[in-house]
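# Structural overview
So you can see what is in the structure, the chains are spelled out below.
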Amino acid sequence: MYILNQILEIDTKSVGIKTVTDYVRFYINLEMQNKVSLLSFINNEKIVLKHKLENKRSDKDSMFNGIRILEELGEEIKSDGELAVLEKYGK
């Protein structure tokens, strides 16, 4: 997971992931579906964002927005299934 955290740290800073579609496409582009489930990925990303909130120099509004989006995505995965979510947002 350390490598995944490093990838997330770099990419979320440079790309500015702001929507559910952005998170799903980012996950798909990492090409790790066979190793890490989408739900595990978003749970890990939430942890990363929560840790970033502790940094006083962080843009807290974007961190809170990212956490909100990830929570919505997690709920959608739980209700509709990972495959349905990947098909819906991965286009």
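Residues numbered from 1 in each chain as written. Predicted model: local features only at pLDDT ≥ 70, side-chain atom pairs only at ≥ 80, totals over all residues. Heavy atoms only, no water.

Turning our eyes to something else, we now look at the confidence of the model for the protein chain. Considering every residue of the protein chain, the mean pLDDT works out to 81; 80% of them sit at 70 or more. When mean pLDDT is taken per element in the protein chain, helix H5 (residues 82-89) scores highest with 92 and helix H1 (residues 2-15) scores lowest with 47. Of the regions scoring below 50 in pLDDT, residues 5-15 engages in 18 contacts with residues more than four places distant in sequence or in other chains. (pLDDT = per-residue confidence, 0-100. Helix = DSSP H or I, 4+ residues; strand = E, 2+ residues; numbered from the N terminus. Contact = heavy atoms within 4.5 Å.)

Let us look at the environment of lysine 46. Examined against the element boundaries, lysine 46 turns out to sit in helix H3 (residues 38-53). In the structure, lysine 46 is positioned 21 residues away from isoleucine 67 in sequence and 5.6 Å away in space, judged by C-alpha atoms. Sequence-distant contacts of lysine 46, that is, excluding residues within four places in its chain, are made with Ile67, Leu70 and Glu71.

Attention now goes to the packing of helix H2 (residues 20-29) against H3. It is the contact of H2 with H3, at a shortest axis distance of 11 Å, that shows an interaxial angle of 115°. In this view, H2 runs roughly perpendicular relative to H3, as classed from their interaxial angle. The element H2 and its partner H3 pack so that their crossing is right-handed. Of the residues in H3, those in contact with Tyr23, Val24, Phe26 and Tyr27 of H2 are Leu38, Phe41, Glu45 and Leu49. The residue inventory of the contact of H2 with H3, partitioned by class, reads seven nonpolar, no polar and one charged. (Axes fitted to C-alpha atoms, helices over the stretch in contact; angles between N-to-C directions. Parallel < 35°, antiparallel > 145°, perpendicular 65-115°, else oblique. Left-handed = near helix turned anticlockwise from the far one by under 90°. Nonpolar A, V, L, I, M, F, W, Y, C, P; charged D, E, K, R; others polar.)

This paragraph deals with the pattern of salt bridges. Enumeration according to the criterion identifies two salt bridges in this entry. Notably, a salt bridge pairs lysine 88 with glutamate 76, separated by 3.0 Å at the nearest N-O pair. Residue lysine 88 is found in helix H5, and its partner glutamate 76 is found in helix H4 (residues 60-80); the two are separated by twelve residues along the sequence. Take glutamate 76: its relative accessible area is 15%, and that puts it in the buried class. (Salt bridge = Lys/Arg side-chain N within 4 Å of Asp/Glu carboxyl O. Buried < 20%, exposed > 50% of the residue type's maximum accessible area, 1.4 Å probe, protein only.)

To continue, consider the nonpolar core. The nonpolar side chains of a soluble globular protein tend to be buried, and buried together. One finds Tyr23, Val24, Leu38, Phe41, Ile42, Leu73 and Val85 to be the most contacted residues of the largest nonpolar core, which totals 22 residues. Of all elements in the fold, only H2, H3, H4 and H5 reach the threshold of two or more residues within this core. Per-element accounting of this core gives the leading share, six residues, to H4. Not counting residues up to four positions away in its chain, the partners in contact with leucine 38 are Val24, Tyr27, Ile77, Glu82, Val85 and Leu86. (Core = buried A, V, L, I, M, F, W, Y, C linked by side-chain atoms within 4.5 Å.)

This part covers the environment of glutamate 72. Locating glutamate 72 in the fold gives a position in helix H4. Spatially, the C-alpha atom of glutamate 72 lies 8.2 Å from that of valine 20, the residues being 52 residues apart in sequence.

Moving on to the packing of H2 against H4. Two elements in contact, H2 and H4, have axes separated by 9 Å at closest approach and are oriented at 75°. Looking at the two axes, H2 sits roughly perpendicular to H4. Each of Val20, Tyr23 and Val24 in H2 lies in contact with H4, whose residues at this interface are Gly66, Ile69, Leu70 and Leu73. Considered class by class, the residues forming the contact of H2 with H4 number six nonpolar, one polar and no charged.

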